[in-house]
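# Chains, contacts and geometry: an overview
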Amino acid sequence: MRVLGTVLVLIGLPVALALTEAISFYVSNRNNGTILDREYLLHVPASYDPTKPTPLVISMHAAGLWPAAQMEISRWNELADRQGFIVVYPSGAKSSGPRIFHVDKGPARMRDVRFISELIDKLEATYNIDPRRIYANGLSNGGGMAFVLSCTMSDRIAAVGMVAAAQLLPFSWCTDARPVPMIAFHGTADRAVPYNGGTSWVAPDSFPNVLTWTRNWARRNRCAANPSDAAVAEDVTRRAYTDCARNADVVLYTIHGGGHTWPGGKPLPEWFVGTTSRSIDATSRMWEFFQQHPLQSR
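Let me sum up the structure you'll find in this document. (Residues numbered from 1 in each chain as written. Predicted model: local features only at pLDDT ≥ 70, side-chain atom pairs only at ≥ 80, totals over all residues. Heavy atoms only, no water.)

### Let's talk about unusual backbone geometry
Here Arg-75, not a glycine, exhibits a phi torsion of approximately 60 degrees, which is positive. Positive phi is not limited to glycine here, since Ser-140 has a value of about 55 degrees. You can see Ser-140 is positioned in the loop between β5 (129-139) and α5 (141-152). Residue classification places Ser-140 among the buried positions, given a relative accessible area of 9%. (Helix = DSSP H or I, 4+ residues; strand = E, 2+ residues; numbered from the N terminus. Buried < 20%, exposed > 50% of the residue type's maximum accessible area, 1.4 Å probe, protein only.)

### Some words on the state of the cysteines
What the rule picks out here adds up to two disulfides. Through a disulfide, Cys-151 is tied to Cys-174; the S-S separation comes to 2.1 Å. Taking the sign of the S-S torsion, -110 degrees for the link of Cys-151 and Cys-174, the bridge is left-handed. You can see Cys-151 sitting in helix α5 and its partner Cys-174 sitting in the loop between β6 (159-163) and β7 (182-187), a full 23 residues away along the chain. The buried category is assigned to Cys-174, whose relative accessible area is 13%. What pairs with Cys-223 in a disulfide is Cys-244, and their sulfur atoms sit 2.1 Å apart. Since a negative S-S torsion denotes a left-handed disulfide, the Cys-223-Cys-244 link at about 105 degrees is right-handed. In this pair, Cys-223 sits in the loop between α6 (210-220) and β10 (228-233) while Cys-244 sits in the loop between β11 (236-241) and β12 (250-255), placing the two residues 21 residues apart along the sequence. The exposure classification of Cys-223 matches that of Cys-244, with both residues buried. (Disulfide = S-S within 2.5 Å.)

### Overview of the environment of Val-113
Examined against the element boundaries, Val-113 turns out to sit in helix α4 (residues 108-126). Judged by relative accessible area, Val-113 falls into the buried class, the value being 6%. Residues Val-113 and Met-145, 32 residues apart in the sequence, show an inter-C-alpha distance of 8.6 Å.

### So, the side chain of Ser-74
Following the sequence through the fold, Ser-74 ends up in helix α2 (residues 67-74). Ser-74 sits in the buried class, given a relative accessible area of 1%. For Ser-74, the side chain forms a polar contact with the main-chain oxygen of Gln-70, separated by 2.7 Å. (Polar contact = N/O pair within 3.5 Å; in protein donor to acceptor, adjacent residues only side chain to side chain.)

### Details of the pattern of salt bridges
A full pass over the atoms with the stated rule returns eight salt bridges. With a shortest N-O distance of 2.9 Å, Arg-156 and Asp-121 are connected by a salt bridge. Of the two residues, Arg-156 sits in the loop between α5 and β6 while Asp-121 sits in helix α4, which places them 35 residues apart along the sequence. Taking the relative accessible area as the measure of exposure, Arg-156 reaches 18% and is therefore buried. In this structure, the salt-bridge partner of Arg-133 is Asp-130, at a minimum N-O distance of 2.7 Å. On the basis of relative accessibility, which here comes to 28%, the residue Arg-133 falls in the partly exposed class. (Salt bridge = Lys/Arg side-chain N within 4 Å of Asp/Glu carboxyl O.)

As structure tokens, then:
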């Protein structure tokens, strides 16, 4: 009987471990807010002071991921705790496929914009959000959504950041005249969203050349024509367009040999997305850029 009991315990152990892992995953990845039938994950630092206007950072995940995954990859919470700002991670729309933000020409795109707009409204009603310091950023599909927000909510979004951004809308689609500061990070070995443009397994439509896309954004912001280039690390170069209208700088960090990843963030499987550079931290660089670019009055 003792032997039988031992065998039953050993048989049940993997099941118990699997159940424990499943519960742990659910707890660490659950969202904590809902609006318009869409979920989000909110992080408010312990240092939050309701008497002081506080910056808000909106960080959007890649297609197929979820808010807690973006939190883990970007590590915005760690910086928010040190710097004293609020971070919210919206969830892409659920459908028959993976969670995504709609960054194409379809009608669902404006539903995503409305979701983000009403999410900001809700947070402003609950917390003392500084309306001049609301920023949006994202990875891949989430980076494409940051572009959409810069074109549809430029009266509320002070600046945007994009990492390995999946851009599927033509730049001419963006008709909002207000120059929006932008900082981007993109790897030259990105197989999902090719640095030099073209198609990939991600989408049938062609992605733009990253350097051309950045130059178009600089033209939108009426920056000086000639950018300045600098080596930041052995595998990182920085291109900056300055002397822009309303101080709306445009900056691109090129990660040479970098994959479809968040530089300095939590690495994703290298066999799938490529190399994650440790030479630069996209989150801290993005926050420095955001601090320098509050929303300017028209």
